[in-house]
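What follows is each chain in one-letter form.
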Amino acid sequence: MSEIRNLINITDFTTEEIDHLIEVAEDIMKDPVKYQDMCAHKKLATLFFEPSTRTRLSFVAAMMELGGNVLGFDDAGTSSTKKGESVSDTVIMAGCYADIIAMRHPKEGAPVIAATKTTVPLINAGDGGHFHPTQTLTDLLTIHQKKGRLDNFTVGLCGDLKFGRTVHSLIEALLRYEGIKFALISPEELKVPDYVKESMNEAGAEWKEYQKLEDAMPELDILYMTRVQRERFFNEEDYIRLKDSFILTPDLLEPAKEDLIVMHPLPRVNEISVEVDDDPRATYFFQALCGKYIRMALILYLLGMK
Ligand code: CP
């Protein structure tokens, strides 16, 4: 029996594997009909212990577009978790009924524990403030689609760089590619954690911290906005004080490069004004679409079909 492959953290995949997934996703985008029956008679279980729009819906759409079926829950309150069943037992059960599992959980490390028990490939669809590897794959596909490469950029990461799991995973992934510089734009309280700075230093990447978005804007090739994560704060007062630290408006984009791409993992709250949606540099809705294609490629890969 071949070994089960899981995706818990983006570091579980080699750069060659990431590049392969991007290649498969781009092929699916070009010729979706070729893939429409590849997962016929296969089932994906979506175990979402925490709210989601894009990740869950794009996983469901991905499996449907591959000709497969989906089962699962989007509210742990409707599962036997409510009766005290453990995450490990829930994952064992899902493996009895499905060929592959996508799981989101609010507790950091829950997928690592679940991975020790799973009998089918397990995908971490986000664990607390920890990892969100399929968002990172989505982000890399988006950049590749828009720029045609994954190296030699100045990337601005703006907002909640402390709790933003997508930011940590994206930095980790981009450090594999040549010539990436980081502009880290955040309030003092929401700076990138030290362990991420250590990773950037070890990789020899250039990085600089900013408190004002306008100071970094002219240099940027990619601007990755993030939401201040209310659900990760210990007290509401701090959240209220920091939540509107950065609001991207058309005025702020004036000194930006013509070919800048503005990304955001979404959901947005206030951090990008809706007027920016009409700017050709706004890439965040296309980014959400890329999420479906990269998850199609990932499902095929973990099922040993691509
Ligand atoms: N980007 C993202 O993870 O969105 P959801 O929380 O809606 O899945």
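Figured I'd write up the structure that's included with this text. (Residues numbered from 1 in each chain as written. Predicted model: local features only at pLDDT ≥ 70, side-chain atom pairs only at ≥ 80, totals over all residues. Heavy atoms only, no water.)

Here we come to the sheet that holds strand E3 (residues 100-105). With parallel pairing, four strands are arranged side by side in an open sheet as E2-E1-E3-E4. Edge positions in the open sheet fall to strand E2 (69-73) and strand E4 (122-127), since each of these has one partner strand only. Taken pair by pair, the neighbouring strands of this sheet meet at an average axis angle of 15°, ignoring direction. With five bridges connecting them, strand E1 (residues 43-48) and E2 associate as parallel partners. Of the residues in E2, the one forming a bridge with leucine 44 is valine 70. (Pairing = 2+ DSSP bridges. Helix = DSSP H or I, 4+ residues; strand = E, 2+ residues; numbered from the N terminus. Axes fitted to C-alpha atoms, helices over the stretch in contact; angles between N-to-C directions.)

To continue, consider unusual backbone geometry. Cis geometry is adopted by the peptide bond preceding proline 267, which originates at leucine 266 and carries an omega value of 5°. With respect to the secondary-structure elements, proline 267 resides in the loop between strand E9 (261-263) and helix H11 (284-302). Unusually for a residue other than glycine, histidine 41 sits at a positive phi of about 70°. Along the chain, histidine 41 falls in the loop between helix H1 (15-30) and E1.

Moving on to the packing of helix H5 (residues 133-147) against helix H6 (residues 165-174). It is the contact of H5 with H6, at a shortest axis distance of 9 Å, that shows an interaxial angle of 55°. Between H5 and H6, the interaxial angle falls into the category oblique. Note that H5 runs across H6; the crossing there is right-handed. Listed contacts from H6 to Gln135, Thr136, Asp139 and Leu140 of H5 are Thr166, Ser169, Leu170, Ala173 and Leu174. Per-class residue counts for the contact of H5 with H6 are four nonpolar, four polar and one charged. (Parallel < 35°, antiparallel > 145°, perpendicular 65-115°, else oblique. Left-handed = near helix turned anticlockwise from the far one by under 90°. Contact = heavy atoms within 4.5 Å. Nonpolar A, V, L, I, M, F, W, Y, C, P; charged D, E, K, R; others polar.)

Attention now moves to the site of the ligand. In the vicinity of the ligand, the contacting residues are Ser52, Thr53, Arg54, Thr55, Arg104, His132, Gln135, Pro265 and Leu266. Here an oxygen atom of the ligand sits 2.6 Å away from a polar atom, N or O, in the side chain of serine 52. Between the ligand and glutamine 135, the relevant distance is 3.0 Å, taken from a nitrogen atom to a side-chain nitrogen or oxygen of the residue. Burial of the ligand by the protein amounts to 92% of the accessible area it has alone, namely 250 Å². If you map the ligand onto the pockets, it falls in the largest pocket. (Near = heavy atom within 4 Å. Polar contact = N/O pair within 3.5 Å; in protein donor to acceptor, adjacent residues only side chain to side chain. Areas by Shrake-Rupley, 256 points an atom, 1.4 Å probe, with all protein chains shown as cover. 1 Å grid on protein atoms, 1.4 Å probe; cavity = no way out; pocket = protein on both sides within 12 Å on 5 of 7 lines; lining within 4 Å. Sits in = over half its atoms within 2 Å of the grid points.)

Moving on to the layout of surface pockets. Estimated volume of the largest pocket: approximately 360 Å³. As for the largest pocket, its lining consists of 20 residues, and the residues nearest its centre are Arg104, Arg165, Arg227, Leu266 and Pro267. The set of elements that each furnish at least two residues to the lining of the largest pocket consists of helix H2 (54-65) and H6. Classifying every residue of the lining of the largest pocket by side-chain character gives four nonpolar, nine polar and seven charged. As a volume, the second largest pocket reaches approximately 170 Å³. Taken together, 13 residues form the lining of the second largest pocket, with Leu47, Phe73, Thr90, Ala94 and Tyr97 sitting closest to its centre. Those elements giving two or more residues to the lining of the second largest pocket turn out to be E1, E2 and helix H3 (87-97). Ranked by the residues each element gives to the lining of the second largest pocket, the list is headed by H3, at four residues. Looking at side-chain class alone, the lining of the second largest pocket contains seven nonpolar, five polar and one charged residues. (Points joined across faces, edges and corners; volume = space filled by probe spheres on them.)

Turning next to the sheet that holds strand E5 (residues 154-158). The sheet built from five strands is open, its strands ordered E7-E6-E5-E8-E9 with parallel pairing. The outermost strands of the open sheet, each flanked by one partner alone, are strand E7 (206-210) and E9. Sheet twist, expressed as the mean angle between neighbouring strand axes with direction ignored, is 15°. Pairing analysis gives four bridges linking E5 to strand E8 (residues 222-225), with the strands arranged parallel. Each bridged residue has a counterpart across the sheet, and for cysteine 158 the counterpart in E8 is methionine 225. Packed onto the sheet, H5 meets E8 and E9 and runs at close to 165° relative to E9.

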